[in-house]
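Structural description and commentary
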Amino acid sequence: MTLLEKEKKVVTITYGCQMSERDAETLTEITRQEGYTSSDDLEDADLVIVNTCCVRESAENKILGKIGDLKKLKEKKPDLKIAISGCMVQQPGALERLQKRAPHVDIWAGTHNLHEFSDLLHRSETGKRVAEIWQEPHQTLESAPLAEKGKLQANVNIMYGCDNFCSYCIVPYVRGRERSRQPQDIIKEIKDLVAAGCKEVTLLGQNVNSYGKDFAPSYDFADLLQEVDQIPELLRIRFITSHPKDLSDKLIETIARGKKLCEHFHLPLQSGSNSILRCMNRHYTREYYLSRVAKIRELLPQATLTTDIIVGFPGESEQDFAETLKMISSVHYSQAFTFMYSKRSGTVAADMPGQIPLDLKKRRLQRLMSVQNEESYQLRQGMIGKCYEILVEGPSKTNPNRLTGRTRGNILVVFDGPPEVTGSLITLRIVEAGSWTLVGEMVP
Ligand code: SAH
Ligand code: SF4
């Protein structure tokens, strides 16, 4: 770069799940290879990438608002390039609608061609608007940049796509069919991350329990976990998401035997009613779900469970909803991510009769959240006086004078301690607890 050339800055804004965050990392790395440095300052940006989510209408509305705001920025800075990528763009028929609404956008990219982003950047250099959405994915994206190195914690894709077609969900339509990465590629990526200082990995898949279904000879998620558990200097291994229908005894046994495999299961329930579960195409009953929870509790009494729940699915009666509340009280989740059903065009549930009015969905969501808040409070109160292994993550975001870290069960704790313990495993005794907060003190 000559002195006259200004350093180019990219701001990447991302919405949605960890996979979307992981994709945003890939895009940022591609732009770095193109000479851009990352920045948080929109006023200073030469390129803004908005990596999108379309799982619920509320996410889409927020993103459309952000894209609208960028129009004003572009009017002030005509040389600014704006790129919109990810799930929202990949939705069948969405591109044309989005392009009409946001003619100020320079680059549109779907989920399947992210690794070709540098090509799109080059093509837009002449001021041309560029849009490219592949209908089919590459097998897996081994040619794309891997997880960002140098961080304490990293997300590692082990598979892409989803084959489950839950009737409410847009994900299979925008992420394609399930494709597992080869174990040796995953292990190599993790070893490289560890060599660069990573201590904790989270293995990502829409349903990690069906990892390897596409392999012959057979090799499954439990086999992968066993191998990752052997990687020296890696301290912790997490994984999301576990579809309850595919949660095998072998997997629970593997975690019970593992050294670094954290005893936390994110096991989305979605609904506690068997008839709603059937309409959701979830392929399990509440009884089966409870049997999986019982197996986890039998082999891993210290395990924590978290979940996702949708209220107001079409046809959900008061009785169905009461069944969901009952499940919350039986399972004792440490946290629940709760959502109002959102109609996603093109999914089976969008055309189901019995769509629930918004005000009823809101009331159910409030009731659900208050039951879960009480559960979370009780669970954290029960931790007072006990000791937990914590991986220290660094200064707390809400109180930078304190440090923060997580238990093996993924529960956040804040404490006073020397910054040098960041990145190491320490023991904390819990001394205070609220619904969402835990305060600990270091045990010598
Ligand atoms: N593959 C993961 C997560 C998928 S999306 C899984 O199966 O658990 C994350 C969560 O968003 C889902 O678990 C579900 O609770 C919620 N979700 C998906 N589609 C939704 C919709 N149309 N309306 C409301 N919530 C939805
Ligand atoms: Fe969506 Fe169901 Fe696939 Fe999860 S398992 S991504 S909820 S279709």
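Here we summarise the structure given alongside this text. Keep in mind it's a predicted model, so treat the numbers as computed, not measured.

Bringing the packing of helix H11 (residues 286-299) against helix H12 (residues 318-331) into the picture now. The N-to-C vectors of H11 and H12 enclose an angle of 10°; their axes lie 12 Å apart at closest approach. In terms of their interaxial angle, H11 and H12 are classed as roughly parallel. Of H12, the residues touching H11 (which contributes Arg286, Tyr289, Leu290, Val293 and Arg297) are Glu323, Lys326, Met327, Ser330 and Val331. Along the lines of polarity and charge, the residues of the contact of H11 with H12 split into five nonpolar, one polar and four charged.

Moving on, we get to the site of ligand 1. Residues in close proximity to ligand 1 total 15 residues, the closest being Arg56, Gln206, Gln270, Asp308 and Ser342. Here a nitrogen atom of ligand 1 sits 2.7 Å away from a polar atom, N or O, in the side chain of Gln206. One nitrogen or oxygen atom from the side chain of Gln270 is found 2.7 Å from an oxygen atom belonging to ligand 1. Protein burial of ligand 1: of its 540 Å² of free accessible surface, 90% is covered by the chains.

Below, the discussion takes up the pattern of salt bridges. Opposite charge on two side chains allows them to pair when their charged atoms are near. Under the counting rule described, the total for this entry stands at 33 salt bridges. With a closest N to O distance of 3.6 Å, Lys72 and Asp69 form a salt bridge. Here Lys72 and its partner Asp69 are both found in helix H2 (residues 57-76), three residues apart, which amounts to about one turn of the helix. In this structure Lys72 comes out as exposed when scored by relative accessible area, which is 56%. Via salt bridges that share partners, Arg236, Glu263, Glu389 and Arg408 belong to a single interconnected network.

Rules and cut-offs
Residues numbered from 1 in each chain as written. Chains lettered and ligands numbered in written order. Predicted model: local features only at pLDDT ≥ 70, side-chain atom pairs only at ≥ 80, totals over all residues. Heavy atoms only, no water. Axes fitted to C-alpha atoms, helices over the stretch in contact; angles between N-to-C directions. Helix = DSSP H or I, 4+ residues; strand = E, 2+ residues; numbered from the N terminus. Parallel < 35°, antiparallel > 145°, perpendicular 65-115°, else oblique. Contact = heavy atoms within 4.5 Å. Nonpolar A, V, L, I, M, F, W, Y, C, P; charged D, E, K, R; others polar. Near = heavy atom within 4 Å. Polar contact = N/O pair within 3.5 Å; in protein donor to acceptor, adjacent residues only side chain to side chain. Areas by Shrake-Rupley, 256 points an atom, 1.4 Å probe, with all protein chains shown as cover. Salt bridge = Lys/Arg side-chain N within 4 Å of Asp/Glu carboxyl O. Buried < 20%, exposed > 50% of the residue type's maximum accessible area, 1.4 Å probe, protein only.

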